[in-house]
Amino acid sequence: MNIDIINGPNLNLLGKREPNIYGSTTFDEYLMSLKKEFSKIKFEYFQSNIEGEIIDQIHKVGFSSDYILLNAAAYTHTSVAIGDAVRSINSPVIEIHMSNTFSREDFRHKSYITPVAKGLIVGFGIDSYRLGVLSLLNN
Ligand code: DQA
């Protein structure tokens, strides 16, 4: 199985950014632990702060990847274009958020991705990604 993880803006700062909300682990450290735990899965990781680059990556992997774990970060709440990109591909997308976006500001309650995602995992910290992988193994 191959899983593509796509992270959106500011997630390159994980570990440093608002650690009270997002924790103190960097994504590189976390990715190493995922690769170790799920050694049979081929993970590809992409992060960008630029909306169009995220769309290009969704197009690039969206016809060959078994699954995409997508945390579009703040673009989740604003980007019709990322929602349309997810709608346009074949690979199933699991929407991931570390924080519980529904217990935060109102603008974080809206997602352009949820209506076109296979599933949604929110609020389990960085382990939301791991739960996303587990959900795919069990399906
Ligand atoms: C986030 C939640 C978003 O509202 C926020 O803009 C992020 C991270 C999360 O993983 O909890 O950057 O997607």
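See the structure above.
Summary of the structure given here. A quick note: this is a predicted structure, and the numbers were derived from the prediction, not measured.

Things to note about the sheet that holds strand E3 (residues 67-71)
The parallel open sheet is built from five strands, whose spatial order is E2-E1-E3-E4-E5. The open sheet has two free edges, formed respectively by strand E2 (42-47) and strand E5 (119-122), since each of these has just one partner strand. Each neighbouring strand pair of the sheet contributes to a mean axis angle of 20 degrees, computed without reference to strand direction. With three bridges joining them, E3 and strand E4 (residues 93-97) adopt parallel strand pairing.

What about the site of the ligand?
Inspection of the region around the ligand gives Arg17, Tyr22, Asn71, Ala73, Ala74, His77, His97, Met98, Ser99, Thr101 and Arg108 as its neighbouring residues. The separation between an oxygen atom of the ligand and a polar side-chain atom of Asn71 is 2.8 Å. His77 places a side-chain nitrogen or oxygen 2.7 Å from an oxygen atom of the ligand. Here the ligand, which alone exposes 320 Å², has 99% of that area covered by the protein.

As for helix H2 (residues 27-37)
Since the α-helix packs 3.6 residues into each turn, any two residues three or four apart lie on the same face. Every buried residue belonging to H2 is among Phe27, Tyr30, Leu31 and Leu34, and all of these are buried. One side of H2 carries all its buried residues, which in axial view fall inside an arc of 100 degrees. Exposed and facing more than 90 degrees away from the buried side of H2 are Asp28, Met32 and Lys36. Looking at the buried side of H2, the elements it contacts are strand E1 (2-7), E2 and helix H5 (127-137).

Details of the packing of aromatic side chains
For the structure on display, the rule yields four aromatic pairs. Centroid distance Phe27 to Tyr30: 6.0 Å. Interplanar angle 55 degrees. Geometry classified as tilted. A residue pair is termed a helical-turn pair when its members lie 3 or 4 positions apart in one helix, as Phe27 and Tyr30 do in helix H2 at three residues. Tyr30 carries the same exposure label as Phe27, and that label is buried. A centroid spacing of 4.9 Å and a plane angle of 65 degrees characterise the contact between Phe27 and Tyr129, whose relative ring orientation is edge-to-face. Taken as a pair, Phe27 in helix H2 and Tyr129 in helix H5 lie far apart in primary sequence, 102 residues in all.

As for the pattern of salt bridges
Here the structure, examined in full by the defined rule, presents six salt bridges. One salt bridge in this structure joins Arg17 and Glu18, with 3.8 Å as the shortest N-O distance. For Glu18, a relative accessible area of 38% translates into the label partly exposed. With a closest N to O distance of 3.1 Å, Glu44 and Lys42 form a salt bridge. Taken together, the shared-partner salt bridges connect Arg104, Glu105 and Arg108 into one network.

Remarks on unusual backbone geometry
At Glu18, a position not held by glycine, the phi torsion is positive, near 35 degrees. The residue Glu18 is located in the loop between E1 and helix H1 (19-22) in this model. The phi dihedral of Ala73 is positive, around 50 degrees, even though this residue is not glycine. Note that Ala73 resides in the loop between E3 and helix H4 (80-88). A relative accessible area of 12% means that Ala73 is categorised as buried.

Calculation criteria
- Residues numbered from 1 in each chain as written.
- Predicted model: local features only at pLDDT ≥ 70, side-chain atom pairs only at ≥ 80, totals over all residues.
- Heavy atoms only, no water.
- Pairing = 2+ DSSP bridges.
- Helix = DSSP H or I, 4+ residues; strand = E, 2+ residues; numbered from the N terminus.
- Axes fitted to C-alpha atoms, helices over the stretch in contact; angles between N-to-C directions.
- Near = heavy atom within 4 Å.
- Polar contact = N/O pair within 3.5 Å; in protein donor to acceptor, adjacent residues only side chain to side chain.
- Areas by Shrake-Rupley, 256 points an atom, 1.4 Å probe, with all protein chains shown as cover.
- Buried < 20%, exposed > 50% of the residue type's maximum accessible area, 1.4 Å probe, protein only.
- Arc of directions from axis to C-beta.
- Contact = heavy atoms within 4.5 Å.
- Phe/Tyr/Trp six-rings, centres within 6.5 Å; stacked < 30°, edge-to-face > 60°.
- Salt bridge = Lys/Arg side-chain N within 4 Å of Asp/Glu carboxyl O.

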